[in-house]
Amino acid sequence: MSATAFKLEAFECQRCNRCCQQPGRVALTDEDVDRLADFFGLTPYAFTEDYCDLQGRHRLVLKKREDESCVFLAVNGCTVHSAKPQQCLDFPKKWRTEKSYSYCEGLKRLWPKA
Ligand code: SF4
Ligand code: SF4
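Residues numbered from 1 in each chain as written. Chains lettered and ligands numbered in written order. Predicted model: local features only at pLDDT ≥ 70, side-chain atom pairs only at ≥ 80, totals over all residues. Heavy atoms only, no water.

> Kindly report on the overall build of the protein chain, identifying the contributing residues and their values.
When you go through the protein chain residue by residue, the secondary structure sums to 6 helices and 4 strands. Each helix and strand of the protein chain, ordered N terminal to C terminal, gives the series α-α-α-β-β-β-β-α-α-α. Per-residue burial for the protein chain yields a buried fraction of 32% across its 114 residues. Approximately 7,700 Å² of the protein chain is accessible, and the part contributed by carbon and sulfur atoms is 51%. Here the protein chain contributes 18 positively and 16 negatively charged side chains, and the mean placements of these two sets differ by 9 Å. (Helix = DSSP H or I, 4+ residues; strand = E, 2+ residues; numbered from the N terminus. Buried < 20%, exposed > 50% of the residue type's maximum accessible area, 1.4 Å probe, protein only. Areas by Shrake-Rupley, 256 points an atom, 1.4 Å probe, with all protein chains shown as cover. Lys, Arg positive; Asp, Glu negative; His and termini not counted. Charge placed at Lys NZ, Arg CZ, Asp CG, Glu CD.)

Shown next as structure tokens:
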């Protein structure tokens, strides 16, 4: 195990919600769409019409607000917590960017001077 992976084992989310307000988009797998559609009691088609944008010709992503926040972010955090997309579940242990270390409170606790 790399030193970074070892350190990430101790990661604890601080619920700052900043990962849900970044400029990047949340891409959805077919499983994400099915799970989120079930969560809302919608058909997958209706869910994508209401809550998704098409990026390029094939990539479904969650809609965002003008301030870059995710359409599902509320004051108390993610409103689809039990059905959230895999990309969200995987952050930051399985993927992150250089910038993540500057806004993610959980990463900042592990790497205070990054
Ligand atoms: S789905 Fe939830 S966890 Fe993912 S970006 Fe949106 S608000 Fe954040
Ligand atoms: S930015 Fe990091 S600490 Fe903040 S909510 Fe997201 S994963 Fe948790």
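> Please give an account of the packing of helix α2 (residues 30-40) against helix α3 (residues 44-51) that cites residues and values.
Closest axis-to-axis distance for the α2/α3 pair is 9 Å, and the angle between their directions is 90 degrees. As summarised for this structure, α2 and α3 are arranged roughly perpendicular, according to the angle between their axes. Where α2 approaches α3, its residues V33, D34, L36, A37 and F40 are matched on the opposing element by P44, F47, T48 and Y51. Residue classes in the contact of α2 with α3 are distributed as 7 nonpolar, 1 polar and 1 charged. (Axes fitted to C-alpha atoms, helices over the stretch in contact; angles between N-to-C directions. Parallel < 35°, antiparallel > 145°, perpendicular 65-115°, else oblique. Contact = heavy atoms within 4.5 Å. Nonpolar A, V, L, I, M, F, W, Y, C, P; charged D, E, K, R; others polar.)

> So what's going on with the environment of Q86? Residues and values would help.
Residue position: Q86 is located in helix α4 (residues 86-90). With relative accessibility at 35%, the residue Q86 sits in the partly exposed group. As a C-alpha pair, Q86 and A27 span 59 residues in sequence and 8.7 Å in three-dimensional space. If we ignore the near neighbours within four places in the chain, the residues touching Q86 are D32 and R35.

> Residue-level account of the site of ligand 1, with values.
Around ligand 1 sit C20, V26, L62, C70, F72, L73, C78, V80, K84, P85 and C88, and that is every residue in its neighbourhood. Residue classes in the shell around ligand 1 are distributed as 10 nonpolar, no polar and 1 charged. (Near = heavy atom within 4 Å.)

> A description of a negative patch on the surface should follow, citing residues and the corresponding values.
Where like charges cluster on the molecular surface, the negative patch consists of D30, E31, D34 and D38. You can see D34 is positioned in helix α2. On the accessibility criterion, D34 (43% relative accessible area) is partly exposed. (Patch = residues over 30% accessible without salt bridge, like charges linked within 9 Å, V, L, I, M, F, W, Y side chains within 5 Å. Salt bridge = Lys/Arg side-chain N within 4 Å of Asp/Glu carboxyl O.)

> I'd like a rundown of the nonpolar core, residues and numbers included.
Formed by 13 residues in total, the largest nonpolar core has its most connected members in L28, L36, F47, L62, C70 and F72. Here this core takes 3 residues from α2, the largest share from any one element. When residues no more than four places from it in sequence are discounted, the contact partners of F47 are L28, V33, L36, A37, F40, L42, C52, L62 and F72. By size, the runner-up hydrophobic cluster in this structure holds 9 residues, among which are L8, F11, Y103 and L110. (Core = buried A, V, L, I, M, F, W, Y, C linked by side-chain atoms within 4.5 Å.)

> Can you tell me about the site of ligand 2, naming the residues and giving the values?
Around ligand 2 sit F11, C13, Q14, R15, C16, N17, C19, F91, C104, E105 and G106, and those are all the residues in its vicinity. Taken together, the residues that form the shell around ligand 2 break down as 6 nonpolar, 3 polar and 2 charged.

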